[in-house]
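# Coordinate analysis (summary)
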2 protein chains.
Amino acid sequence: MGVTIHDVARAAGVSVASASRALSGRRKVTPETAERVARAAAELGYQPNAVAKALRDQTTGTIGMVVPGIGNPFFTTIVEAVERELQNSGVDLLLCSSRYDPQIEARRLGTLLARRVDGLIISPCDIEASVPAVLDAARRVPLVQLDRHIEGGAADWVGVDDEAGVTLAVEHVIAGGARSVVFAGSRLVSSSARLRFSGFERAASRAGVEVLPPLLGEFTLEWGVEAGRLLLDADRLPDAVICGNDEIAVGLVRSLRLGGARIPEDVSVVGFDDVGHATMCDPPLSTVRQPVEEMAAEAVRLLGQVKAGDPRPAQRIAITPRLVVRQTSRPPAAGGAD
Amino acid sequence: MGVTIHDVARAAGVSVASASRALSGRRKVTPETAERVARAAAELGYQPNAVAKALRDQTTGTIGMVVPGIGNPFFTTIVEAVERELQNSGVDLLLCSSRYDPQIEARRLGTLLARRVDGLIISPCDIEASVPAVLDAARRVPLVQLDRHIEGGAADWVGVDDEAGVTLAVEHVIAGGARSVVFAGSRLVSSSARLRFSGFERAASRAGVEVLPPLLGEFTLEWGVEAGRLLLDADRLPDAVICGNDEIAVGLVRSLRLGGARIPEDVSVVGFDDVGHATMCDPPLSTVRQPVEEMAAEAVRLLGQVKAGDPRPAQRIAITPRLVVRQTSRPPAAGGAD
DNA sequence: ATCGAGCGGGAAATCGATTACCCGAGTTTC
DNA sequence: GAAACTCGGGTAATCGATTTCCCGCTCGAT
């Protein structure tokens, strides 16, 4: 089923070396041979075997990407951004999902390494459990972490400054008059979850407002709905809820409204990410925007510089996010400082 | 950077043949050699080179999957289902997005073929423009179309019976009392778009109800919102809207309600797919459920049977969907036939 | 004692593309 | 006119794992 370069060479009446040279153009051949080889290749429908080329060249022209889940719009957005970034470089992306499971993640990394990818971009699902597999992979090929990262700072990373982002959100709701705040996020299993939560705690305590016990579940719409119910069940509602991502925020807004709360009059809600349906939410969601394109571009750029097992200290590139104020949060109080 | 089987063999003091046999277990070796090879492999951190293995074996242990877009929850759901279906079979999935562009799709197919995937699962983005690339690929490797398909019926396919599904939806809203209906779907560029629309027209005209001009745009939430606005701008609202997928339906429900229409009292809305946020919609969406797990399983099974360039007539497996009635459609009129 | 079977191991071919190396013919240079 | 050089082309090595083919040894049967 495979037309090889030998077939092409035979059909053109030249050696495989000439055929290869004619097709790749990496050494001159006479116009005549070029012509005959080209014709033979076209007639036979020759398509070079990338596997053989990869073995010989010791490079596959692929990079692997591992994300926790492709059901989450944030990750699909970032995957698409990386794909766009790569599309004219001749490199193909091999995309894998770890389904939020460090074991599956390790297996995926293993098969990507076995397939000799030239580099890896990974958003490790677990800040602790992902450590060995990620460090091991980083020892073998250039590796850049994107968005999430493992603890310890031993591998290069590109992402958003989570703490700065959450701080923007907290200061914004406080400027809008909030006196009691709560954080609705995910269990502290990923770096994003941890940093957004710790950023929240720090900013809120610095501002001196009342901090209610956090609601930590999953980065999903369902958990947002659940969290909203939990808030409604309590004695009183907080003035503001800072959410770990937009999906939680959308679910939360929905269930709070269903419970009779007015958004933003009774409760301000701020999300994180600004991808997917934040603008289509009702009302449109105030949120912290992740500069996804920029992050993807930076990750690809950095990947080009990283060498496997490089003893040089790892780089950590934290891009500062921007707050996008829409209609789920009260604007700064009139006459306020800003 | 690569430990090869030669290194392992040398460290164990045996030939590469013995090392290979010890590691694969495909021929007996003495317990002693087995032990020494295993130890040497472990100590050196040997990981077989899948590229070399693929070249030698003439099989890569991968299958390629090409979908129009990973931003659409229906496709991510079906990708996840295929992944689950494959996870214990030892084959890896190489996932690509065509971004709804037949040119990108053809390029992706080309590189997957160059990488010598053992099979292909594809949801062709365009019913016409995708034809040459899909047929060409089907000539080289086993190929199964999943969900969408090209015209002409020349390549195997597994999917849902779109016409039957839409018919269920139309009959349901009519049983609920609808006398005027409209279809809000996507432009007729894919098989799904065409069949759902034609199924709608047939079912509606057979039932003898009034059929308003269709609204054809994209399979997106945004288009659903826009379609809702268009309906509101007209003289009067239809009794029911059948949507091409759930995203359109969710957007449509939202904008109709924003315009003051009550769902389902004033307008019944039915979606298609039943993935993603249909249950989380407000109110929960009535929709036609695609049996995604079953489709994925069937596709993988069929792929195992298909041979490249098989002259045998292509199979078309259409699974009949089920209507899931939730709260965006009026229930059958009391005293009705059912 | 001999023949054959069975067993474990090694050398080398194989997969397909690329390229280092070599060769012969033609051209330039002193 | 001979040495040096250029140019196009061919042969064979290379990448790493697997497997075919062959060899030598042992054991059992006759």
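Being a predicted model, the structure only gives us computed values, none of them experimental. (Residues numbered from 1 in each chain as written. Chains lettered and ligands numbered in written order. Predicted model: local features only at pLDDT ≥ 70, side-chain atom pairs only at ≥ 80, totals over all residues. Heavy atoms only, no water.)

### Some remarks on the overall build of chain A
- Regarding its fold elements, chain A presents twelve helices and 13 strands.
- For chain A, the spread of C-alpha atoms along the principal axes amounts to about 85 × 40 × 35 Å.
- Looking at the 338 residues of chain A, the share that counts as buried comes to 51%.
- Put simply, chain A shows about 14,500 Å² of open surface, and 52% of that area lies on carbon and sulfur atoms.
- Positive and negative charge centroids in chain A, built from 37 and 42 side chains respectively, lie 8 Å apart. (Helix = DSSP H or I, 4+ residues; strand = E, 2+ residues; numbered from the N terminus. Buried < 20%, exposed > 50% of the residue type's maximum accessible area, 1.4 Å probe, protein only. Areas by Shrake-Rupley, 256 points an atom, 1.4 Å probe, with all protein chains shown as cover. Lys, Arg positive; Asp, Glu negative; His and termini not counted. Charge placed at Lys NZ, Arg CZ, Asp CG, Glu CD.)

### A look at the interface of chain A and chain B
- On the side of chain B, 46 residues touch chain A, which itself brings 46 residues to the contact.
- Note on chain A versus chain B: buried area summed over both sides is about 4,300 Å², and carbon and sulfur give 50% of it.
- Interface area lost by chain A to chain B is led by A:Q47, A:R115 and A:M280, which between them contribute 15%.
- Joining chain A to chain B, the criterion identifies four salt bridges.
- Where A:D92 meets B:R115, a salt bridge forms, and the shortest distance between an N and an O atom there is 3.3 Å.
- Our count for the contact surface shared by chain A and chain B stands at 16 residue pairs in polar contact (both at pLDDT 80 or more).
- Here the side of chain A that touches chain B is built from residues that sort into 20 nonpolar, 13 polar and 13 charged. (Contact = heavy atoms within 4.5 Å. Buried area = accessible area lost by both parts, 1.4 Å probe. Salt bridge = Lys/Arg side-chain N within 4 Å of Asp/Glu carboxyl O. Polar contact = N/O pair within 3.5 Å; in protein donor to acceptor, adjacent residues only side chain to side chain. Nonpolar A, V, L, I, M, F, W, Y, C, P; charged D, E, K, R; others polar.)

### Let's talk about the pairing of strand 1 (residues 62–67) of chain A
Residue and element names in this part refer to chain A.
- Within strand 1, six of the six residues are buried, leaving the element largely enclosed by the surrounding structure.
- By the alternation rule, side chains of strand 1 split into T62, G64 and V66 and I63, M65 and V67, which are all buried.
- As paired elements, strand 1 and strand 2 (residues 92–97) share six bridges and run parallel to each other. Each bridged residue has a counterpart across the sheet, and for V67 the counterpart in strand 2 is S97.
- Taking the sense of rotation as the criterion, the β-α-β connection linking strand 1, helix 5 (residues 73–86) and strand 2 turns out right-handed.
- Judged from the four bridges that link them, strand 1 and strand 3 (residues 119–122) form a sheet pairing that is parallel. In the strand pairing of strand 3, I63 is matched with G119. (Pairing = 2+ DSSP bridges. Right-handed = clockwise from strand over helix to strand, strands pointing away.)

### What about the side chain of A:S180?
All names here are of chain A.
- Inspection of the secondary structure puts S180 in strand 6 (residues 180–186).
- Its relative accessible area of 3% is what places S180 among the buried residues.
- The contact partners of S180, leaving out residues within four places of it in the chain, are E210, R236, L237, P238, D239 and A240.

### Some remarks on the environment of B:V325
- Structurally, the position occupied by B:V325 is in the segment after strand 13 (322–324).
- For B:V325 and B:V288, which are 37 residues apart along the polypeptide, the C-alpha to C-alpha distance reads 8.4 Å.

### Things to note about the relation of the copies chain A and chain B
- With an RMSD of 0.1 Å, chain A superimposes on chain B once it is rotated by 180° and translated 0.0 Å along the axis. Put plainly, the chains are arranged around a two-fold axis.
- Most of the interface of chain A is mirrored in chain B: 100% of its interface residues are interface residues there too. (Least-squares fit on C-alpha atoms with pLDDT ≥ 70 in both.)

### Observations regarding the packing of aromatic side chains
All names here are of chain A.
- One pass over the full model with this rule turns up six aromatic pairs over all chains.
- Between F183 and F197 the ring centres are 5.5 Å apart and the planes differ by 45°, which places this aromatic pair in the tilted class. Note that F183 is positioned in strand 6 and F197 in helix 9 (residues 191–207), a separation of 14 residues in sequence. In this pair, the class of F183 matches that of F197, namely buried. (Phe/Tyr/Trp six-rings, centres within 6.5 Å; stacked < 30°, edge-to-face > 60°.)

### A short note on the domain arrangement of chain A
Residue and element names in this part refer to chain A.
- Under the domain assignment used here, chain A contains domain 1 (5–48), domain 2 (60–160 + 292–320) and domain 3 (162–290).
- Computed from C-alpha coordinates alone, the two centres of domain 2 and domain 3 are separated by 28 Å.
- Facing the 15 residues of domain 2 at the interface are 17 residues of domain 3.
- Taken together, both faces of the contact between domain 2 and domain 3 bury some 1,300 Å²; the carbon and sulfur share is 53%.
- Summed over the three residues of domain 2 that lose the most area to domain 3, namely I127, R148 and V160, the buried surface amounts to 37% of that side. (Domains from an automatic or database assignment.)

### A few points about the protein's contact with DNA strand D
- Taken together, 27 residues lie near DNA strand D, and A:S18, A:R21, A:R27, B:I5 and B:R56 sit nearest.
- Taking A:S18, its side chain carries an N or O atom lying 2.7 Å from a phosphate oxygen of DNA strand D.
- Residue B:S20 places a side-chain N or O atom 3.3 Å away from a phosphate oxygen belonging to DNA strand D.
- Contributing elements (two or more residues each) for the surface near DNA strand D: helix 2 (16–24) and helix 4 (50–57) of chain A together with helix 2 (16–24) and helix 4 (50–57) of chain B.
- Here the residues of the surface near DNA strand D sort into nine nonpolar, eight polar and ten charged. (Near = heavy atom within 4 Å.)

### Quick notes on the packing of helix 5 (residues 73–86) of chain B against helix 12 (residues 292–305) of chain B
Residues and elements named next belong to chain B.
- Where helix 5 meets helix 12, the axes come as close as 9 Å, and the angle between the chain directions of the two elements is 50°. Put simply, helix 5 runs oblique to helix 12. Judged by the twist between their axes, the crossing of helix 5 over helix 12 is right-handed. Where helix 5 approaches helix 12, its residues F74, T77, I78, A81, V82, R84, E85 and L86 are matched on the opposing element by V292, E293, M295, A296, A297 and V300. (Axes fitted to C-alpha atoms, helices over the stretch in contact; angles between N-to-C directions. Parallel < 35°, antiparallel > 145°, perpendicular 65-115°, else oblique. Left-handed = near helix turned anticlockwise from the far one by under 90°.)

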